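# Summary of structural features
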Amino acid sequence: MSDRRRINPPPGGTSAPVYASSTASPLPPTRTRRPDELRKIFLKTHITPSATGSAYLELPPSPSPTPSLSHSQSPSLKLTATAHLAPLPRSAPFTPNLLVSVHVKFAPFASPIRRGYIRDAGERELSVRVENALRGVIIAERWPKMGLDLSIVVLEGEEEGPAAIQVGEKDAGGAARKTEAWWATMTMLAGCVNVAAAAVVDAGIDCVDAVAGGVAAMVPANTAGGKGGVEVVLDPVPREHGDIIAAAVVAYLPTRDEITELWVRGDPRAAGGEKGLEDLVDAAASAAVGARTVILEAAREEVQGRVEATEGV
Amino acid sequence: MAQGILVAPGQVLGNPKTEKAGPNTHIQNGQICASVFGLADHNQAPTQDTNSTPVKTTAKTTDRATVSVTTTTSSINPISPTINSIVLARVTRLTLKQATVSILAISPSDSAASSSLAVCTTPFNGQIRLQDIRATEKDKVKMLQSFRVGDIVRAIVISLGDQAAYYLSTARNDLGVVMAWADDGEQLVPVSWKEMEGMTTGKREDRKVAKPI
Amino acid sequence: ALSLPAPIFAALAPSSFLLAHLTQPQSSTKKRKRPSVRPNGRLATESRVPVINTNSLAHANGSAVVRLGDTAVVAGIKGELLYAKDIPNPPPSSKRLREVGGSAPPLDEDDEAKSLAELGLLVPNVELSTGSHPAHLPGTAPTALAQTLAERLLETLQETRLVSLDQLEIWGSRSTMARDEEEMDVDASEEQRDDDGDETGKESIMAYWAIYIDILFISLDGNAFDAAWGAVMAALKNTTLPHAWWDEEREMILCDADLERSRSLTLRGLPVSVSFGIFDSTAEPRMTNSTAGADAAEANLGSGRWLLTDLDDSEETACKESISAVVDGASGALQLRKLQKVGGGVADLAVMEEVLKLAEQRWKEWKRIL
C-alpha cells in the first residue's frame, strides 16, 4: 500500500529475511528470580523538554545463555511516553472536562519483523487499554476545554529475534514465537501504563493517585520435588517459562485499592482452583505496587535534581 | 520553595475540619489528599502574595490553614485560562465586531504583575468582542481605532467561551494594547489613553492603550 | 516602559528577544569586538556537541541514538529482501556496469547510483508525531516537516552515493545444483572473481537487500535535519547484514544467523550535514528601547545580520533564511556534496565561504564520534 506522505518500499514489495537452521539451537533461559521478585525497572522522566511531561522506561533483557545469533544482544522492553497538555482543536465540541487520548505506536524496528507505519489492531488495543487505565485516575474537571495527548512509543519489544525463525521447523517455531509475543503483549501493556503514569506525574496533571501497572502469570510449578501444581509468578518473562497457563495485567491505585484496568488471558480457575483468579489478580496488583515505587522514585529524583540545580546558582 | 515535604498523588495531607483544601488537592473519603507530586505546604497565615507561582495561590482570609501542593516536577507549568486570568495575547484577525487573538501568556489571578505570567506552550484562541473593549462610551468604540493585527494586548478572561475561543475583555484602564508596531516596523510608544506614536516618525495611531504599569 | 521576564518576552516577540540577546553588552566595561551571545548561551557560530550511542536496539540490523542538546533522534535500520523476479524492468547490475567497455574500467558511480535509485533500495522515513514537539501531535499524518525531512534524507543518500549497489546484490545461479560455498558466497570480494569470466556469467542477481531507515524523534528542539542525518550515518556505519544465499531446493533466499559470517555495510566517505540560519534584524519589527543600533554593526555579517549555526527551536522561528551544507572531508580536502539555501537574500558568496569554513570545523567534530 503506497502512502504519498512517506517514502515507499520498492513497488515489488519486500519480505523479511528467513534464517536457515542454525547448528546450535539456543536453550531457552530459565527464571532465576524468586516468584515474587520483579525485574529492575529503569525509569527516567523529563526526556522531552518541550512536552508537559515525559518518561523513558526500560526493562533489563533476560540473560541469554547463548549469545543471540544474528544480533549481539537480547531484546528488552524500551518505551518512551510524552504528555502534552494543549487546547482542544477548534473542531472539537466544548467540553467542561479534560479529554485524554492515548496513542501507542510501535517503531518499525521494534519487533523481529519490520512493522509499517499504518496503525494496526495491536496498537489500537494497547491504546484503548492504557486510556482506560488512566481515565479514572486523572481529575478531568480541573482542565475544561483542554486535551491531554499521551503518546507512547515502543522502541523495542521483548520477543526474541530472528534466531527463532528457522527453515524446516518453520511452523512450530512460528507458533511458539506467536505465543511468546501473545503473552509478551501483557508485559508491554503494564510497561505502557507505567511509562504513561510517569509522564502524567512528571506533567503535574491532577490525579487521585499515581496509577501503576503490574503483571502476574500462573505457570507450572518449577519445584524439584515435582508436586505437579501451579505457582503464581510476578513480572513473568514468557521465554523463561515453557508454558504459561494464565496471566493477568492490572492498572492499580494502591491508596484507594482500586483496579482501573484488568486483562486476563487463559483460565486461572481451571488450574488454580476457586481462588485462582483472585490469587492471580492480587499478585498482579502487588507487582503494580512495586512499579509505583519506581515511578515515584523517578519523580523524586527529578525534583531533587532540580532543587540542587537551583540551589547551585 | 524548599519548605514542606514531598508528597505523591493520593497521599493524605489532612482533615477538612481543621484545614482547607488548597490548589492541587482533592477530598477523598473525608480526607484531603494530594493530586500531584510535589511539595506539600500547610499555610498557617494566608497572605495575599502577588508573587506566588501559578500553582501556589493562597486562600482568601480564613481562620483555617490551607494545605496545598506545589508541582515541582514539570518545567512547563500545566496552565490554562480560567475566569479572571490576566493574559497577554497577539491580535491575529480583526473584523468590525470582534478581534481574534492568540493567547501567549497567562497569569492565574487578577494580578497584572508580569512576574506571575506563565508562557503557554500552545497558544489559546481568544476573542475580544466590540462591546468588551472599553468600559465607557461603548457605542462609540471602533474596532480599527482600538487594535491592529500584530499588537500585543493585555486582557482579562471573562468567560471560557465556546469551542472556538475564550472571551476576553480590555474594559479596564490597565488593560489594552501594550506593544504595537507601525507599518514600517517601528515600535510605537503610548502617548495617551487612545493614541500611540512612532519615536522617529512622530506618526500617531489610534489604539485602546493600556495604562503602563 | 513595559518590562517583562525573559521567557514572556521571548514568547511575545521572538526576533526582538534574539536581537536583544545578540546585542547585549556582556560587561559594563565597554570592550570592542565583544562576541554576540545567543539566548541559549551559545556564541553565534557555536554548535551543540553531538552525542551518539550505537547498536542499543536488538531487533534492528543497525541503530543509533543521536542527541544535539534537546534534540534527540533514534534511527533503526532493517534489511528486507527484494526478489529479482518482483522487479519488472531490472536496471543493470553493478557487475554489468563494471564490465562495460573493457577489462577493468572504474565503476561508473553515476550509473550505479541510477540503478540504486531506480530500484528504490534505500527507504528512509521520519516520524515526528511521537510527542517530540507540541506542533507535531500524535495520531496525525506526517506533517510537512516530516515529509520534507524524509525526502531530503533520500536525496542526500542518493547524491552522496553513500551505499554502493554491489553490497546489496545477492547473486546466485539456478542451473547449478551443487552448492559450492565459494561460488555462492556473496561477498564484497566479487571483484576478484570477476576475472574468472565464464563461471560468473552463469550467475545472476536473485535478490537485493532493501534497507529501511526509520528515524523517530524523541525530542525536537531545532536542527532536525543535522540530527537525523547524523543518526542515519551512525546507524548505517554500524549496520551488519546476515550472509545470504539462493537456496535452489526451496527457491528462496536463506540467511545465516551466524554473527561471524554477517558483514558490515561499507560506506563511501563520511558526509556530514551542517545547517545555518541567518538572522536579519533589519527585516524585523524594531523595539524602541533596544540599544541595537550601535552594537548591531558588529554583527558577524555586519549591519544587524548574524550567521548562526545549529539553530534551536526558537531561533528557527526567528531566522527567515537558512543554509544547509553536506560536506565530506574523508578523502583529504573538504568536498561539498550538497548545498541548499532557503529564503532571504542576505547570503552572498562571501557568506558561503564562511559557511564552508565553519562546515569543515563541524565535520571534524562529527568525525571524531562517528
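Residues numbered from 1 in each chain as written. Chains lettered and ligands numbered in written order. Predicted model: local features only at pLDDT ≥ 70, side-chain atom pairs only at ≥ 80, totals over all residues. Heavy atoms only, no water.

For chain B, the helix and strand inventory stands at zero helices and 16 strands. Counting only contacts in chain B whose residues sit at least 6 apart along the sequence, the fraction spanning at least 24 positions is 57%. Roughly 9700 Å² of accessible area belongs to chain B as shown, and the carbon and sulfur atoms make up 51% of that amount. (Helix = DSSP H or I, 4+ residues; strand = E, 2+ residues; numbered from the N terminus. Contact = heavy atoms within 4.5 Å. Areas by Shrake-Rupley, 256 points an atom, 1.4 Å probe, with all protein chains shown as cover.)

Moving on, we get to the pattern of salt bridges. If you walk through the whole model with that rule in mind, you get 44 salt bridges over all chains. Between glutamate 155 of chain C and lysine 338 of chain C there is a salt bridge whose closest N-O contact spans 2.8 Å. Of this pair, glutamate 155 of chain C sits in helix α5 (residues 144–159) while lysine 338 of chain C sits in strand β14 (residues 335–342), placing them 183 residues apart in sequence. Residue lysine 338 of chain C is classed as buried on the basis of its relative accessible area, which comes to 13%. The partner of glutamate 159 of chain C in a salt bridge is lysine 338 of chain C, and the shortest N-O contact between them spans 3.7 Å. Of this pair, glutamate 159 of chain C sits in helix α5 while lysine 338 of chain C sits in strand β14, and the two are 179 residues apart along the sequence. The partly exposed category is assigned to glutamate 159 of chain C, whose relative accessible area is 40%. A cluster of three or more residues bridged by salt bridges with shared partners is formed by Arg33, Arg39, Glu158, Asp235 and Glu240 of chain A. (Salt bridge = Lys/Arg side-chain N within 4 Å of Asp/Glu carboxyl O. Buried < 20%, exposed > 50% of the residue type's maximum accessible area, 1.4 Å probe, protein only.)

Glancing now at the interface of chain C and chain A. Many authors give the size of an interface as the accessible area that is lost as the parts come together. Facing 59 residues of chain C, the contacting portion of chain A comprises 52 residues. With both sides pooled, the region where chain C packs onto chain A buries about 4600 Å², and carbon together with sulfur makes up 62% of that total. For the chain C face of the interface with chain A, the top three residues by lost area are Ala58, His59 and Ala257 of chain C, together amounting to 15%. Between chain C and chain A we count two salt bridges in total. The closest approach of N and O atoms between arginine 114 of chain A and aspartate 214 of chain C, which form a salt bridge, is 3.0 Å. The tally of links from chain C across to chain A stands at 18 residue pairs in polar contact (both at pLDDT 80 or more). Listed by contribution, the elements that provide at least two residues to the side of chain C that touches chain A are β3 (71–83), β4 (122–127), α5, β6 (204–219) and β9 (252–255) of chain C. When residues in the side of chain C that touches chain A are grouped by element, the largest group, nine residues, is from β3 of chain C. (Buried area = accessible area lost by both parts, 1.4 Å probe. Polar contact = N/O pair within 3.5 Å; in protein donor to acceptor, adjacent residues only side chain to side chain.)

The next point concerns the packing of aromatic side chains. Under the criterion given, the structure shown has five aromatic pairs over all chains. Centroid distance phenylalanine 124 of chain B to tyrosine 166 of chain B: 5.8 Å. Interplanar angle 85°. Geometry classified as edge-to-face. Here the residue phenylalanine 124 of chain B occupies a position in strand β10 (residues 118–129), and tyrosine 166 of chain B occupies one in strand β12 (residues 166–169), the gap between them amounting to 42 residues. The exposure classification of phenylalanine 124 of chain B matches that of tyrosine 166 of chain B, with both residues buried. Over the face of the ring belonging to tyrosine 117 of chain A we find arginine 6 of chain A, whose NZ or CZ atom lies 4.0 Å from the ring centre. (Phe/Tyr/Trp six-rings, centres within 6.5 Å; stacked < 30°, edge-to-face > 60°. Lys NZ or Arg CZ within 6 Å of the ring centre and 35° of its normal.)

What follows is about the UniProt feature "domain: Exosome complex component CSL4 C-terminal" (unreviewed entry) in chain B. As recorded in UniProt, the feature "domain: Exosome complex component CSL4 C-terminal" (unreviewed entry) lies at residues 81–109 and 119–160 of chain B. Segment residues 119–160 of chain B splits into 0% helix and 45% strand. End C-alpha atoms: 19 Å apart. (UniProt positions renumbered as here; feature names shortened; annotations may be inferred.)

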